[in-house]
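Structure assessment
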Amino acid sequence: MVFDSLLDAWGIALGLKIMAILWDLLVQSGLITIPLIALFFANAKALLELGYSDELFNSVVSDLLLIIAVWAVAVLPWATFQYQI
């Protein structure tokens, strides 16, 4: 990153801090799952309405794999799970 001034560096640091707070809020409240669930149901609905075709099925499967990848990379490292032993 290139900072033109001290104010620019401070603004970017503040923006990243706010983004981290919002991300924690979304993950802890479970709201992060809403867009992922909506994407899955929209693709499943399209598959049921338009009938089975290999192209549409591959699109649904690729979106599902994308959802899993987003969870593995973005959501799971930030979420804290409580274990009872």
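Residues numbered from 1 in each chain as written. Predicted model: local features only at pLDDT ≥ 70, side-chain atom pairs only at ≥ 80, totals over all residues. Heavy atoms only, no water.

Let's shift gears to the overall build of the protein. When helices and strands are counted, the protein shows three helices and zero strands. Listed N to C, the secondary structure of the protein is α-α-α in terms of helices and strands. Relative to its full complement of 85 residues, the protein shows a buried share of 13%. Sequence separation of at least 24 residues holds for 53% of the intrachain contacts in the protein that already meet a minimum separation of 6. For the protein, the accessible surface area stands at approximately 7000 Å², while carbon and sulfur atoms represent 72% of it. (Helix = DSSP H or I, 4+ residues; strand = E, 2+ residues; numbered from the N terminus. Buried < 20%, exposed > 50% of the residue type's maximum accessible area, 1.4 Å probe, protein only. Contact = heavy atoms within 4.5 Å. Areas by Shrake-Rupley, 256 points an atom, 1.4 Å probe, with all protein chains shown as cover.)

What follows is about the environment of Ile32. Turning to its location among the elements, Ile32 is positioned in the loop between helix 1 (6-29) and helix 2 (33-50). Along the backbone, Ile32 and Trp71 are 39 residues apart, and their C-alpha atoms lie at a distance of 9.7 Å.

On to the confidence of the model for the protein. Model confidence for the protein is summarised by a mean pLDDT of 79, while 86% of its residues fall at 70 or above. Mean pLDDT across the elements of the protein ranges from a minimum in helix 3 (residues 54-75), with 79, to a maximum in helix 1, with 85. (pLDDT = per-residue confidence, 0-100.)

So, on to the pattern of salt bridges. Applying the stated criterion to the full structure yields one salt bridge. In this structure, Glu49 engages Lys45 in a salt bridge whose closest nitrogen and oxygen atoms are separated by 4.0 Å. You can see Glu49 and its partner Lys45 sitting in helix 2, four residues apart, about one turn around the helix. For Glu49, a relative accessible area of 59% puts it in the exposed group. (Salt bridge = Lys/Arg side-chain N within 4 Å of Asp/Glu carboxyl O.)

Taking 1.5 Å per residue as the helical rise, helix 2 with its 18 residues ought to reach 26 Å, and the 26 Å between its terminal C-alpha atoms agrees with that figure. Along helix 2, the positions that sit buried rather than exposed are Leu36, Asn43 and Leu47. Projected down its long axis, helix 2 shows its buried positions confined to an angular sector of 40 degrees, all on one face. What points out from helix 2, more than 90 degrees from its buried face, is the exposed set Ile34, Pro35, Phe41, Leu48 and Glu49. One or two steps after helix 2, the chain reaches Gly51, where phi turns positive at roughly 85 degrees. (Expected span 1.5 Å × (residues − 1). Arc of directions from axis to C-beta.)

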